[in-house]
Amino acid sequence: MITEICLDSVAGVRAAKDAGADRVELCADLMEGGTTPSLGTIRAACKVGGIAVNVIIRPRGGDFLFDGDEFAAMKTDVEAAKAEGADGVVIGLLMPDGTIDVPRTRELIALARPLSVTFHRAFDMTPDPFAALETLIDLGVDRVLTSGQEVTVLEGLPLIADLIERAGDHIIVMPGGGITERNVARIVEAAHPKEIHFVGFETAPSGMRQRREYVFMGGELRPPEYDRQVTTAGAVRAVINGLG
């Protein structure tokens, strides 16, 4: 069982490594579902060593229909992650009808090789998951991350199990979305995945003593200013231990 941890910091990469995880998906802005991290973060993460680093290539939050400028940025970001020593990239591009954007996905795969390529949960927005799976197999994608087109993996388990069976050895179907130490054993027993994807967060208070509680950086809709969700070895290890 390969364990991949979704995280947003270099400290989190070290924590995942210390907990015995196999790989990380390095992101920024997890409240948006993950966007491309900075070059500095990628560079520092790839220097940690002892754990594989896959970098998400997503220029913004929201939908997965990207314009020409955004796609140009994605190509540059793939090249940058590759140059910094990343082990893989994580991509996801759709057409207006929700089907996979085949030409642009093919172009990013070609730029990324020989790195590993994951197609992220844009897959969960496709109208026909089995047709999308076949498309990704034809494109040569290494793995697809999915919650089974539901809010969480538990709700999507029937589809995930079917996708894993259909995929065989052609592509890895990696469940991700709401996996915890309490449900991971049930998910593995039901779907028999080769890889799983989860977060290992705990709330950490800010070290700031000087605070201005009424001033916010994020407008009206905002995360807490003085608390952060940080990846810890203990939280990651709890899910790994739940595998049994």
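Quick notes on the rules
- Residues numbered from 1 in each chain as written.
- Predicted model: local features only at pLDDT ≥ 70, side-chain atom pairs only at ≥ 80, totals over all residues.
- Heavy atoms only, no water.
- 1 Å grid on protein atoms, 1.4 Å probe; cavity = no way out; pocket = protein on both sides within 12 Å on 5 of 7 lines; lining within 4 Å.
- Points joined across faces, edges and corners; volume = space filled by probe spheres on them.
- Nonpolar A, V, L, I, M, F, W, Y, C, P; charged D, E, K, R; others polar.
- Helix = DSSP H or I, 4+ residues; strand = E, 2+ residues; numbered from the N terminus.
- Buried < 20%, exposed > 50% of the residue type's maximum accessible area, 1.4 Å probe, protein only.

Engineer: Kindly report on the layout of surface pockets, identifying the contributing residues and their values.
Structural biologist: When its volume is computed, the largest pocket comes out at roughly 610 Å³. Lining the largest pocket are 32 residues, with Gly33, Arg58, Arg121, Leu145 and His197 sitting closest to its centre. In terms of residue class, the lining of the largest pocket is made up of 15 nonpolar, ten polar and seven charged.

Engineer: With reference to specific residues and values, describe unusual backbone geometry.
Structural biologist: What you tend to see is this: most non-glycine residues have negative phi, and most peptide bonds are trans. A cis amide bond links Arg113 to the next residue, Pro114, at an omega of 15 degrees. Tracing the backbone through its elements, the reader meets Pro114 in the loop between helix H4 (102–112) and strand E5 (116–119). Phi angles above zero are rare outside glycine, and Asp29 is one such case at about 50 degrees. With respect to the helices, strands and loops of the structure, Asp29 is situated in the loop between strand E2 (23–26) and helix H2 (39–46). Owing to a relative accessible area of 42%, Asp29 belongs among the partly exposed residues under this scheme. One non-glycine residue, His192, lies in positive phi territory at about 55 degrees. Tracing the backbone shows His192 in the loop between helix H7 (184–191) and strand E8 (195–198). Taking the relative accessible area as the measure of exposure, His192 reaches 59% and is therefore exposed.

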